[in-house]
Amino acid sequence: MATYGKRLKDAYKDIDRDVKHDIKNAVKILEKAKSKKFDETVELAFNLGVNPKKSDQMVRGACVFPHGIGKSVKVCAIVPPDKVEEAKTAGADFVGGEDLIEKIMTENWTDFDKLVTTPSMMGKVGKLGKILGRKGLMPNPKLGTVNNDIDGAVKLVKAGRVEFKVNKAGVLCCQIGKLSFGPEKLYDNAMELVKDVLK
């Protein structure tokens, strides 16, 4: 039988675990059980019952939450020379071309949360697959991170665009914000994710 710490026992005290709660009630329950020591991250998990090994059952996508996710996102833009100013103006934290590709290759540098690039640069960025792939940083046209509209791509990622993907067990887990957001904002973010997963 599982043993729980005091805080978890206190959190369970007022919850009937045999009752199914809708999302609106669930976020209110989280509010009551929150820690006084730090601002906890809230995740939403879906047991999809799919087999992700079959390509037609792979569920992945991206979601832009109406209230963000409560953290700033460091964006690296690898772009051709004519797109450098556009990337800087859009708010990318690191902007460059072959110099950044070289830095990632030689130094294993990945001090950023998202990488955006253009289709014309993807041939060169593709060489970074081994380094970026294992950290989930590889840009993807389906997720909008390989895009000729660099201004739009950077702004979307900066706004808190979160990628989601089902795991090997058929479960999809995604961060929807911080407990300090309050029940209403967490509910809005949760429903936005539900909408995008269903899509």
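See the structure shown above.
Quick caveat, the model's predicted, so the values are computed rather than measured.

Chemist: Can you help me understand the overall build of the protein in this one?
Modeler: Tallying secondary structure elements over the protein gives eight helices and seven strands in all. Reported as C-alpha extents along the three principal axes, the dimensions of the protein are approximately 60 × 40 × 30 Å. Taken over 199 residues, the protein has a buried fraction of 38%. Pairs at least 24 residues apart make up 70% of the contacts formed inside the protein by residues separated by at least 6 positions. As displayed, the protein offers around 12,100 Å² of accessible surface, 51% of which is attributable to carbon and sulfur atoms.

Chemist: Sorry if this is basic, but what is going on with the nonpolar core here?
Modeler: The nonpolar side chains of soluble globular proteins are, as a tendency, buried together. One finds Phe 65, Ile 176 and Leu 193 to be the most contacted residues of the largest nonpolar core, which totals 21 residues. The greatest single-element share of this core, amounting to five residues, is contributed by helix H8 (residues 183–198). Setting aside residues up to four positions removed in sequence, Leu 193 forms contacts with Leu 44, Phe 46, Cys 63, Phe 65, Phe 164, Cys 174 and Ile 176. Residues Ile 78, Leu 115, Val 125 and Ile 131 belong to the second largest nonpolar core, which totals 14 residues.

Chemist: Quick question: what am I supposed to make of the state of the cysteines here?
Modeler: A disulfide bridge is the covalent bond that connects two cysteines by way of their sulfur atoms. Under the definition given, this model contains zero disulfides. Free cysteine Cys 174: the closest other cysteine sulfur is in Cys 63, separated by 6.8 Å.

Chemist: In this structure, what is going on with the sheet that holds strand S3 (residues 75–78)? I would like to understand it.
Modeler: In a beta sheet, neighbouring strands are held together by backbone hydrogen bonds and run either parallel or antiparallel to one another. On the basis of which strands lie adjacent, the open sheet formed by three strands has the order S4-S3-S5 and parallel pairing. Each edge of the open sheet is held by one strand with a lone partner, namely strand S4 (94–96) and strand S5 (114–117). Pairs of neighbouring strands in the sheet enclose a mean axial angle of 15°, with direction left out of account. Where S3 and S5 come together, four bridges link them in parallel fashion. Within the sheet, the bridge partner assigned to Ala 77 lies in S5 and is Val 116.

Chemist: Help me out: how do you make sense of the side chain of Thr 145 in this one?
Modeler: The topology assignment puts Thr 145 in the loop between helix H6 (129–133) and helix H7 (150–158). For Thr 145, a relative accessible area of 3% translates into the label buried. For Thr 145, the side chain forms a polar contact with the main-chain nitrogen of Asn 140, separated by 2.8 Å. Setting aside residues no more than four positions away along its own chain, Thr 145 makes contact with Leu 115, Val 116, Thr 117, Pro 139, Asn 140, Val 157 and Glu 163.

Chemist: Mind showing me how you'd approach the packing of helix H2 (residues 23–32) against H8 here?
Modeler: A packed helix pair is summarised by two numbers, namely the angle formed by the two axes and the spacing between the axes. Two elements in contact, H2 and H8, have axes separated by 9 Å at closest approach and are oriented at 135°. Relative to H8, the element H2 is oriented oblique. Between H2 and H8 lies a crossing of right-handed hand. Contacts from Ile 23, Lys 24, Val 27, Lys 28 and Glu 31 of H2 reach H8 at Pro 183, Leu 186, Tyr 187, Ala 190, Met 191 and Val 194.

Chemist: Just to check I follow, could you spell out the environment of Pro 52 for this structure?
Modeler: Relative to the elements of secondary structure, Pro 52 occurs in the loop between strand S1 (41–47) and strand S2 (60–64). Pro 52 sits in the buried class, given a relative accessible area of 14%. Through-space distance from the C-alpha of Pro 52 to that of Val 171 is 9.5 Å; in sequence the pair is 119 residues apart. Beyond its immediate sequence surroundings of up to four residues, Pro 52 is in contact with Gln 57, Met 58, Val 166, Asn 167, Lys 168 and Gly 170.

Chemist: I keep staring at the side chain of Thr 118 and nothing clicks. Help me out?
Modeler: Secondary-structure assignment places Thr 118 in the loop between S5 and helix H5 (122–125). In this structure Thr 118 touches Ile 78, Val 79, Pro 80, Lys 83, Val 146, Asn 147, Asn 148 and Ile 150, once residues within four positions along its chain are discounted.

Chemist: Looking at this structure, how should I read the layout of surface pockets?
Modeler: Regions of empty space are outlined by a rolling probe, equal in size to a water molecule, passed over the atoms. By volume, the largest pocket is sized at about 520 Å³. Taken together, 25 residues line the largest pocket, and the ones lying closest to its centre are Lys 114, Gly 136, Val 162, Glu 163 and Phe 164. Of all the secondary structure elements, the ones that give two or more residues to the lining of the largest pocket are S2, H6, strand S6 (161–165) and strand S7 (171–178). Among the elements that take part in the lining of the largest pocket, S6 stands out by supplying five residues, more than any other. Broken down by class, the residue content of the lining of the largest pocket amounts to 11 nonpolar, six polar and eight charged.

Quick notes on the rules
Residues numbered from 1 in each chain as written. Predicted model: local features only at pLDDT ≥ 70, side-chain atom pairs only at ≥ 80, totals over all residues. Heavy atoms only, no water. Helix = DSSP H or I, 4+ residues; strand = E, 2+ residues; numbered from the N terminus. Buried < 20%, exposed > 50% of the residue type's maximum accessible area, 1.4 Å probe, protein only. Contact = heavy atoms within 4.5 Å. Areas by Shrake-Rupley, 256 points an atom, 1.4 Å probe, with all protein chains shown as cover. Core = buried A, V, L, I, M, F, W, Y, C linked by side-chain atoms within 4.5 Å. Disulfide = S-S within 2.5 Å. Pairing = 2+ DSSP bridges. Axes fitted to C-alpha atoms, helices over the stretch in contact; angles between N-to-C directions. Polar contact = N/O pair within 3.5 Å; in protein donor to acceptor, adjacent residues only side chain to side chain. Parallel < 35°, antiparallel > 145°, perpendicular 65-115°, else oblique. Left-handed = near helix turned anticlockwise from the far one by under 90°. 1 Å grid on protein atoms, 1.4 Å probe; cavity = no way out; pocket = protein on both sides within 12 Å on 5 of 7 lines; lining within 4 Å. Points joined across faces, edges and corners; volume = space filled by probe spheres on them. Nonpolar A, V, L, I, M, F, W, Y, C, P; charged D, E, K, R; others polar.

Purely geometric stuff here, so don't read any function into it on its own.
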